[in-house]
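# Descriptive structure summary
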Amino acid sequence: MPDWIADERRYLFQNYGRQPIVLDRGEGTRVWDADGNEYLDFVGGLAVNVLGHAHPLVAEAVARQARTLIHTSNLFYTEPMIELARLLVENSCLDRVFFCNSGTEAVEAAIKLARRWGHDTRNGAFEVIATEDGFHGRTMGALAATGTARYREPFEPLPPGFVHVPWNDVDAIRAATTERTVAVLLEPIQGEGGVNIPAPGYLRAVRDWCTERGLLLILDEIQTGIGRTGTLFAYEQEDVEPDVMTLAKGLAGGVPIGAVLAREAVAAHLVPGDHGTTFGANPLAAAAGVATLRHVVEGDLPACAARAGERLVARLRSMEDRLPVVSGVRGRGLLVALSLTSECAGDVVAECRRRGLLVNNVRPNAIRLMPPLTVGDGEIDRACDILESAIAAVTAAPK
Ligand SMILES: *Cc1c(COP(=O)(O)O)cnc(C)c1O
């Protein structure tokens, strides 16, 4: 067998800290590596694989579309993109959709849309208020919006026009608002920041401020959307409606896609020539999106995620009594993090992997779990057993 890991080191940019296994097959919540070892996958492709691995509906839709028409460009109409846009509009509070290929591209498009709208209606207002520890992607505009200085600083100068305020602090948003402000950009739950839940009423207060001052509320639901938090979109649980929303990750069940949704009055400001992409709305990705979203909606998978999340959180909370290193559990639906009193999350991830469970150390002191929305009760119990034994083993080991 070729030494894939050595070849990766030889041929790829070394910009990721990959776990040392080569995955080659999956089914539902399980994956297998090239040596035949089986794992429970609670990384879920970073909150992407909402239907798990190799779901027959997604696999069939992709195979059928691949045999029919893979790509055309946006010079033409194709059915899957129109069908997917219709599903998104019918199941959200927004009116129109722009498709792209990733989360960061969706954020870029949302920023351009906000600037265009500010240019046309708000005397050229362009500044976006975002939050510390917020994550919006890695391209220059999305990176400028991202609230982690460590990610931004090596790439400065970044596009101007972004300010960062503390999360969960609506007064800070009010204080940062000026004549130049065009939008507030937030995740309904900060995902990469460590699964940070909004304080009760925070998003509602931000919505009210945006309405009062004529700012756009842009919700980045790239990680929280498509059922992850127990409703199709996380905003539904917060009594707010965004003016603009970004989606990606789970939208096409694992096939790369991104989308921006907006209210009619905002979307109308992007006109021919303003923005575009060669691959966006690609029939293959859109067909996967139709299959995924239809099943999520018709199967009421957000409710499944809510129920499964309660079981998961209850099991994790029970660990707090037995393991002093476990200091808290936070999450909603199947976007959950376990916080630790020491920076041993990397060691816990490695120990879980050796015991057959894949999880993510979202912070040095926090483990994130984001299994498919289809995860079974037995799988949750087994994952929690492994996680508990791994934490016990790591924290018992002499330093
Ligand atoms: C993952 C993520 C992004 C970036 O998406 P990519 O597809 O990696 O570019 C942006 N915003 C949020 C909230 C995310 O979770």
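See the structure shown above.
Residues numbered from 1 in each chain as written. Predicted model: local features only at pLDDT ≥ 70, side-chain atom pairs only at ≥ 80, totals over all residues. Heavy atoms only, no water.

### Digging into the site of the ligand
Looking at the ligand, the residues that line it are S102, G103, T104, F135, H136, G137, E187, D220, I222, Q223 and K249. The contact in question runs from an oxygen atom of the ligand to an N or O atom on the backbone of G103, over 2.8 Å. For the ligand, an oxygen atom lies 2.8 Å from a polar atom in the side chain of Q223. Notes on the ligand: free accessible area 380 Å², of which the protein chains cover 81%. Considered class by class, the residues forming the shell around the ligand number 2 nonpolar, 6 polar and 3 charged. (Near = heavy atom within 4 Å. Polar contact = N/O pair within 3.5 Å; in protein donor to acceptor, adjacent residues only side chain to side chain. Areas by Shrake-Rupley, 256 points an atom, 1.4 Å probe, with all protein chains shown as cover. Nonpolar A, V, L, I, M, F, W, Y, C, P; charged D, E, K, R; others polar.)

### Comments concerning the packing of helix 13 (residues 345–354) against helix 14 (residues 377–396)
Describing two packed helices takes the angle between their axes plus the distance from one axis to the other. As a packed pair, helix 13 and helix 14 sit with axes 9 Å apart at the nearest point and diverge in direction by 125°. In terms of axis orientation, helix 13 runs oblique to helix 14. When the axes of helix 13 and helix 14 are compared, the crossing they make is right-handed. Together, D347, V348, E351 and C352 of helix 13 and I386, L387, A390, I391, A393 and V394 of helix 14 make up the contact between the two elements. For the contact of helix 13 with helix 14, the class distribution of residues is 8 nonpolar, no polar and 2 charged. (Axes fitted to C-alpha atoms, helices over the stretch in contact; angles between N-to-C directions. Helix = DSSP H or I, 4+ residues; strand = E, 2+ residues; numbered from the N terminus. Parallel < 35°, antiparallel > 145°, perpendicular 65-115°, else oblique. Left-handed = near helix turned anticlockwise from the far one by under 90°. Contact = heavy atoms within 4.5 Å.)

### Things to note about the sheet that holds strand 6 (residues 162–165)
Spatially, 7 strands are ordered 4-10-9-8-7-5-6 in an open sheet, and the strand pairing comes out mixed. The open sheet is flanked by strand 4 (96–100) and strand 6, the only strands paired with a single partner. The average undirected angle you get between the axes of adjacent strands in this sheet is 20°. Helix 4 (residues 79–90) contacts strand 4, strand 9 (244–247) and strand 10 (258–262) of the sheet and is inclined by roughly 130° relative to strand 4. Set on the sheet, helix 5 (residues 103–121) makes contact with strand 4, strand 6, strand 7 (181–186), strand 8 (216–220), strand 9 and strand 10; between it and strand 9 the angle comes to about 165°. (Pairing = 2+ DSSP bridges.)

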